[in-house]
Amino acid sequence: MTGTHVTSSGASASPPDKNSVGRWSQIIAHADMDAFYASVEQMDDPRLRGRPILVGSTSGRGVVLTASYEARHTGVGSAMPMVKARRLCPQALIVPPRFARYAELSGRIMQAFTDFSPHVEAISLDEAFLEMTGSEHIFGSPEQMANRIREAIHEATGGLTASVGISGTKYVAKVASALNKPDAITVVPPDKAAAWLAPLSISRLWGAGPKTQARLKQLGFHLIGDLAVADPDFLKARLGSLGMHFYALANAQDPRSVARSHRARSLSSDRTLEHDISDPADIRRHLRRSADRVGTRLKKNNYLAGGVRVKLKTTDFQSLTRQRLLNEPSDVADVLYETALSLLPAFASSGPFRLVGLAAHDLIRADGPEQGDLFNSHQQSRELEKTIDALNQRFGKNAVRRARDIDSSTVLGDHASDLDFLR
Amino acid sequence: MKFTTNREGLLRPLQLVTGVVERRQTLPVLSNLLIEATPAGLSITGTDLEVEMVAIIEGVQVDQPGTATIPARKLADIWRSLPEGAEVSVTQEADRAIVRSGRSRFTLATLPPQEFPKVEGAPSDIEIKLTSKEVRRLLDQVGFSMAQQDVRYFLNGMLLEITSGHTRTVATDGHRLAMCTLNRGADGVERHQVIVPRKGVIEFSRLLADDDTEVTLSVSANHLRVKQGAYTLTTKLVDGKFPDYEKVIPKDASRSLQCDRETLRQAFLRASILSNEKYRGVRLTIDEDTLTIQANNPEQEEAEEIVSVAYQDGMMEIGFNVSYLQDVLGALSTDQVTISVSDANSSALIEAKEPDDSVYVVMPMRL
């Protein structure tokens, strides 16, 4: 690991410890996995370790998704056509991507982040912002925070490394995490941020693609510091609002706050039917079953649904969905089902349908405060559902079922064999 | 159809009736008002199939009796924008309605009046006359506790209960409950309960003035009709069973606290600023004559308020959604309030220290 702490270069630099914390009105961390896909492949397959690998499709028009650090010195990088990459680095092994595995590890990483802050904004599978303001007394100085985040990633993934940048704005934190990769920590105190950015190339401007970079160079701006001291009116006249945006970034100003990820998680149970159905009673039976399944999974994974979505697919493969937010998040199958039923009149089509599905969306962790209910209306349902789940867990699927589900088994199809036994 | 009137004569009726009209409609004619002109005057009707409002306007010069349906919002907007005191005429010509005033002229599309659905007036089972002020209080003291789009659809409204001795309103969203009682009922009625839908309650409250105008409430099997002067509001009732509210109002709570309402309200208001924006939880610690309110948020910011109270029933801790407490303390109007509670998992009763018409129940929150 390389640890870099930026302070002003002169002798007047204040020590990078507790004193500096006092000046941080906001603390934002950006964590970025090092060569994520390639590192996962090297972690899972020891034969790949230490060797140059390219993750990507080998087909004619494929591009490199990630190159391992062993391959990068040859000049290959992400988004480069595979054909070109092979020319530059003929000794590299090409590994097809396994997105499910990356998503699984990403989930563990993001989950680990929630231990640090309630505000985690994932911007892709392998990078996220964490709002750390106010958590100094829990995690220590910004540098200690960064260390703990790196350790948490290492632990959650079983050995992957990440680079962490910390500063007072999202933009500077992001530049900081990228600058000393891999396996590095870069802390930039807010009052040093503008000076720290100044010598960097404008290619480090967030939001400036190759075309914009060329345009900026044409206007005489090569370093971020050039932009910081430019005449804002000139920038505005030449580049419009984007010019003002770059001017603010160059001066280490970035008002964007860390948003909670809107990559809304959801849990669903869909079923493509053997026979198309249009009878509302049949649709209800399938929704009931889906609601039970989703409810069981919510409770097992300690999540609450913020909303319910019903999906119907017509015989000509049109997918129709209707959704509704719940008054209060819930993991009770009865609530999911009732909400799903209330959505049915909103569908314009009356079938026939080839698929019926129910999803719980806007999931939140079930560890927040719990508001009591005057009528205990859902508490009984919840206890009953938990008991059924526990019995089925112990004695096998369908060890216990509700009478109403036995009646509907012939329609649902999948319980047919059990039904013979019961009769 | 043709009539002439001055702007002011129709301004408030148009605004009130248009309030019932939903912005998004399934049936095109529902975005229109039904205007019927007879030699006696005008009648204007707006509806969304759940709530219907009719205004009768006299003193309008009807040049040619007739019936038309005219786009509600556009007509109300035009009317409002005309200069004060303007003389306005409305004429139906073929399938257009023409509004003329001074040098302004507007041609609006109409739809056939036969398409306009009107609520059938069923005979009423119960009728009761109250003042506008009394009805308004019954609505305002409880309205904020109604549920909104709850799957328990019978909570998305307000219970209206009439007995020979009282007229009572109750609203609950399952987390808190509000009840207001007026000691005046309908003779010979044992106990009649209906659920007025949320929208009906809101339109109802908009219509009522804070004065002694007479208001007649008529309850039939499926409708509640409210008549105040020239206006008649009819709302469908929610078909469902309202929960047994008496069962959830705590009686004989083991602990009770008295304090100054405004002091407490201000303390909650300040503490709420640093409560979690999503859950709005606050922690209350009650000990001898002292109530401590604590709030904190995910940014680890904290608020603490200490309030002097009258309390001698032993130390306890309990959590609440601060918004519910603020609503109640805002609705009560007496100087002193009493809060009664047994333990951290049971509901709290909040009421005026002296006998009053309103009581409130709030369920705690486990923090």
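Focus: the overall build of chain B
Logical step 1: Of regular secondary structure, chain B possesses 7 helices and 26 strands.
Logical step 2: Burial analysis of chain B (367 residues in total) assigns 54% to the buried set.
Logical step 3: Sequence separation of 24 or more characterises 66% of the internal contacts of chain B that already satisfy a separation of 6 or more.
Logical step 4: Accessible surface computed for chain B: about 16,800 Å², of which carbon and sulfur atoms make up 46%.

Remarks on the packing of aromatic side chains
Residues and elements named next belong to chain A.
Logical step 1: Evaluated as defined, the whole model comprises 10 aromatic pairs over all chains.
Logical step 2: Note on Tyr-37 and Tyr-102: the rings are 4.2 Å apart at their centroids and 10 degrees apart in plane angle, and the pair reads as stacked. Remark: Tyr-102 occurs in helix H5 (residues 99-113) and Tyr-37 occurs in helix H2 (residues 36-44); sequence separation between them is 65 residues.
Logical step 3: Residue Tyr-102 is classed as buried on the basis of its relative accessible area of 0%.
Logical step 4: Members of the aromatic cluster, connected to one another through ring pairs, are Phe-36, Tyr-37, Phe-99 and Tyr-102.

Overview of the sheet that holds strand S17 (residues 231-236) of chain B
All names here are of chain B.
Logical step 1: Sheet architecture is open: 8 strands sit in the order S6-S2-S3-S4-S17-S16-S15-S10, paired in antiparallel fashion. Single-partner strands in this sheet number two, and they are strand S6 (66-71) and strand S10 (126-131). Sheet twist, expressed as the mean angle between neighbouring strand axes with direction ignored, is 15 degrees.
Logical step 2: Each of strand S4 (51-57), strand S15 (214-219), strand S16 (223-228) and S17 touches helix H4 (residues 198-207); the most contacted strand, S17, lies at about 170 degrees to it.

Some words on the environment of Leu-30 of chain B
Logical step 1: Checked against the element boundaries, Leu-30 of chain B lands in the loop between helix H1 (7-20) and strand S2 (32-38).
Logical step 2: Residue contacts for Leu-30 of chain B: discarding those within four places in its chain leaves Val-21, Gln-25, Thr-47, Leu-49 and Pro-117 of chain B.

Some points on the packing of H1 of chain B against H4 of chain B
Residue and element names in this part refer to chain B.
Logical step 1: Where H1 meets H4, the axes come as close as 10 Å, and the angle between the chain directions of the two elements is 170 degrees. Relative to H4, the element H1 is oriented roughly antiparallel. In contact with Arg-12, Gln-15, Leu-16, Gly-19 and Val-20 of H1, H4 contributes Lys-199, Glu-203, Arg-206 and Leu-207.
Logical step 2: Its residues assigned to classes, the contact of H1 with H4 comprises 3 nonpolar, 2 polar and 4 charged.

Let's talk about the packing of H2 of chain A against H5 of chain A
Residue and element names in this part refer to chain A.
Logical step 1: Their axes nearest at 11 Å, the elements H2 and H5 cross at an angle of 100 degrees. Between H2 and H5, the angle is such that the two are roughly perpendicular. Note on element contacts: H5 touches H2 through Phe-99, Arg-101, Tyr-102, Leu-105, Ser-106 and Ile-109, opposite Phe-36, Tyr-37, Val-40, Glu-41, Met-43 and Asp-44.
Logical step 2: Split by residue class, the contact of H2 with H5 holds 8 nonpolar, 1 polar and 3 charged.

Considerations on the interface of chain B and chain A
Logical step 1: Tallying the contact residues gives 27 residues for chain B and 22 residues for chain A.
Logical step 2: Regarding the contact of chain B and chain A, the summed buried area is about 2,200 Å², with carbon and sulfur atoms giving 56% of it.
Logical step 3: Notably, a salt bridge pairs Arg-366 of chain B with Glu-370 of chain A, separated by 3.9 Å at the nearest N-O pair.
Logical step 4: The interface formed by chain B and chain A includes 10 residue pairs in polar contact (both at pLDDT 80 or more).
Logical step 5: When residues of the side of chain B that touches chain A are traced back to their parent elements, those giving at least two are strand S13 (176-182) and strand S26 (365-366) of chain B.
Logical step 6: Its residues placed into classes, the side of chain B that touches chain A shows 13 nonpolar, 8 polar and 6 charged.
Logical step 7: Taken together, the 2 bridges between strand S15 (residues 370-371) of chain A and S26 of chain B define a ladder with antiparallel strand orientation.

Observations concerning helix H7 (residues 142-157) of chain A
Residue and element names in this part refer to chain A.
Logical step 1: Here H7 contains 16 residues, and its C-alpha end-to-end distance of 23 Å stays within 8% of the 22 Å for a straight helix at 1.5 Å per residue.
Logical step 2: What H7 keeps buried is the set Pro-142, Met-145, Ala-146, Ile-149, Arg-150, Ala-152, Ile-153 and Thr-157. The buried residues of H7 occupy an angular sector of 160 degrees when the element is viewed end-on, so they sit on one face. Residues Glu-151 and Glu-155 are exposed on H7 and point more than 90 degrees away from its buried face.
Logical step 3: With its phi angle positive at about 85 degrees, Gly-158 sits one or two positions after the end of H7.

A few points about empty space enclosed by the protein
Residues and elements named next belong to chain B.
Logical step 1: Under the defined criterion, the tally for this structure stands at 3 cavities of 30 Å³ or more.
Logical step 2: One number sums up the size of the largest cavity: a volume of about 80 Å³.
Logical step 3: In this structure, the largest cavity is lined by Arg-255, Ser-256, Leu-257, Leu-284, Ile-286, Leu-291, Tyr-311, Ile-318, Phe-320, Ile-339 and Val-341.
Logical step 4: Elements represented by at least two residues in the lining of the largest cavity include exactly strand S18 (255-260), strand S19 (281-287), strand S22 (316-321) and strand S23 (336-341).
Logical step 5: Per-element tally for the lining of the largest cavity: the top contributor is S18, with 3 residues.
Logical step 6: Among the residues making up the lining of the largest cavity, the classes are represented as 9 nonpolar, 1 polar and 1 charged.
Logical step 7: Secondary-structure elements contributing two or more residues to the lining of the second largest cavity are helix H3 (132-140) and strand S11 (157-162).
Logical step 8: Taken together, the residues of the lining of the second largest cavity sort by class into 7 nonpolar, 1 polar and no charged.

Looking at the pattern of salt bridges
Logical step 1: Summed over the entire model, instances satisfying the criterion amount to 44 salt bridges over all chains.
Logical step 2: One salt bridge connects Glu-41 of chain A with Arg-98 of chain A, and the closest N-O pair in it is separated by 3.1 Å. With Glu-41 of chain A in helix H2 and Arg-98 of chain A in the loop between strand S5 (93-95) and H5, the pair connects residues that are 57 residues apart, well separated along the chain.
Logical step 3: Of the charged contacts, one joins Arg-7 of chain B and Glu-8 of chain B as a salt bridge, the two residues approaching to 2.5 Å between their closest N and O atoms.
Logical step 4: By relative accessible area, which is 9% here, Arg-7 of chain B ends up buried.
Logical step 5: Since its relative accessible area comes to 33%, Glu-8 of chain B is described here as partly exposed.
Logical step 6: The structure contains a network of salt bridges with shared partners spanning Glu-41, Asp-44, Arg-98, Arg-101, Glu-104 and Arg-108 of chain A.

Comments concerning the confidence of the model for chain B
Residue and element names in this part refer to chain B.
Logical step 1: Across chain B, the average pLDDT comes to 94, with 100% of residues at or above 70.
Logical step 2: Ranking the elements of chain B by mean pLDDT puts S26 last with 92 and strand S12 (residues 167-172) first with 98.
Logical step 3: With a pTM of 0.65, the predicted complex shows an ipTM of 0.82.

Some details on helix H2 (residues 72-81) of chain B
All names here are of chain B.
Logical step 1: When H2 is considered as a whole, its buried residues turn out to be Ala-72, Leu-75, Ala-76, Ile-78 and Trp-79. One side of H2 holds all its buried residues, which, seen down the axis, span an arc of 160 degrees. Facing away from the buried side of H2 by over 90 degrees, the exposed positions are Lys-74 and Ser-81.

Details of the environment of Glu-328 of chain A
Logical step 1: With respect to the secondary-structure elements, Glu-328 of chain A resides in strand S12 (residues 319-330).
Logical step 2: Given a relative accessible area of 25%, Glu-328 of chain A falls into the partly exposed group.
Logical step 3: Once the C-alpha coordinates of Glu-328 of chain A and Leu-304 of chain A are considered, the two residues, 24 residues apart in sequence, prove to be 9.1 Å apart.
Logical step 4: If near-sequence neighbours (up to four positions away) are discounted, Glu-328 of chain A is found in contact with Asp-373 of chain A together with Arg-152 and His-175 of chain B.

Some words on the environment of Arg-150 of chain A
Residues and elements named next belong to chain A.
Logical step 1: Along the chain, Arg-150 falls in helix H7.
Logical step 2: Residues Arg-150 and Ala-162, 12 residues apart in the sequence, show an inter-C-alpha distance of 6.2 Å.
Logical step 3: A polar side-chain atom of Arg-150 sits 2.5 Å from a polar atom in the side chain of Asp-183.

Scoring rules and cut-offs
Within every chain, residues take consecutive numbers counted from 1 along the sequence as written. Ligands are numbered from 1 and chains lettered from A, in the order in which they are written. In keeping with the predicted nature of the model, local features appear solely for residues at pLDDT of at least 70, side-chain atom pairs appear and are counted solely at 80 or more, and the whole-chain, interface and lining totals rest on all residues. Only heavy atoms go into the side-chain values, all of them from the structure, while hydrogens and water stay out. Strands are runs of DSSP state E lasting at least two residues, helices are runs of H or I lasting at least four, and both sets are numbered from the N terminus onward. Think of it in three bands: residues with accessible area under 20% of the maximum for their type are buried, residues over 50% are exposed, and the middle band is partly exposed, with areas taken using a 1.4 Å probe on protein chains only. The contact definition used throughout considers only heavy atoms, calling two residues in contact when any of these lie within 4.5 Å. Calculation of accessible area relied on Shrake-Rupley with a 1.4 Å probe; when residues are assessed, cover is drawn exclusively from the protein chains displayed. Under the pairing criterion, centres of Phe, Tyr and Trp rings, with the six-membered ring standing for Trp, must be within 6.5 Å; the plane angle then separates stacked pairs below 30 degrees from edge-to-face pairs above 60, leaving the rest tilted. Paired strands are those between which DSSP finds at least two bridges. Angles here are taken between N-to-C directions and fall from 0 to 180 degrees, while the axes themselves are lines fitted to C-alpha atoms, restricted in helices to the stretch in contact. Any angle between 65 and 115 degrees counts as roughly perpendicular, while under 35 counts as roughly parallel, over 145 as roughly antiparallel, and the rest as oblique. Classes in brief: Ala, Val, Leu, Ile, Met, Phe, Trp, Tyr, Cys and Pro nonpolar; Asp, Glu, Lys and Arg charged; the others, Gly included, polar. Buried area: the sum, over both parts, of the accessible surface (1.4 Å probe) that disappears when the two are put together. The salt bridge criterion pairs a side-chain nitrogen of Lys or Arg with a carboxyl oxygen of Asp or Glu, the two atoms within 4 Å. What qualifies as a polar contact is a pair of N or O atoms within 3.5 Å, subject to a donor-acceptor requirement within protein and to the restriction that residues adjacent in sequence count only when both atoms come from side chains. By this rule the span expected of a helix is its residue count minus one, scaled by 1.5 Å. Throughout, the arc means that of the directions going from the helix axis to the C-beta atoms. Points on a 1 Å grid over protein atoms alone make up a cavity when a 1.4 Å probe fits among them but cannot get out, and a pocket when they form an open set with protein on both sides within 12 Å along at least five of seven lines; lining residues each have an atom within 4 Å of a point. Grid points are joined across faces, edges and corners, and a volume is the space filled by probe spheres set on the points. What pLDDT expresses is the predictor's confidence in each residue, scored from 0 to 100.

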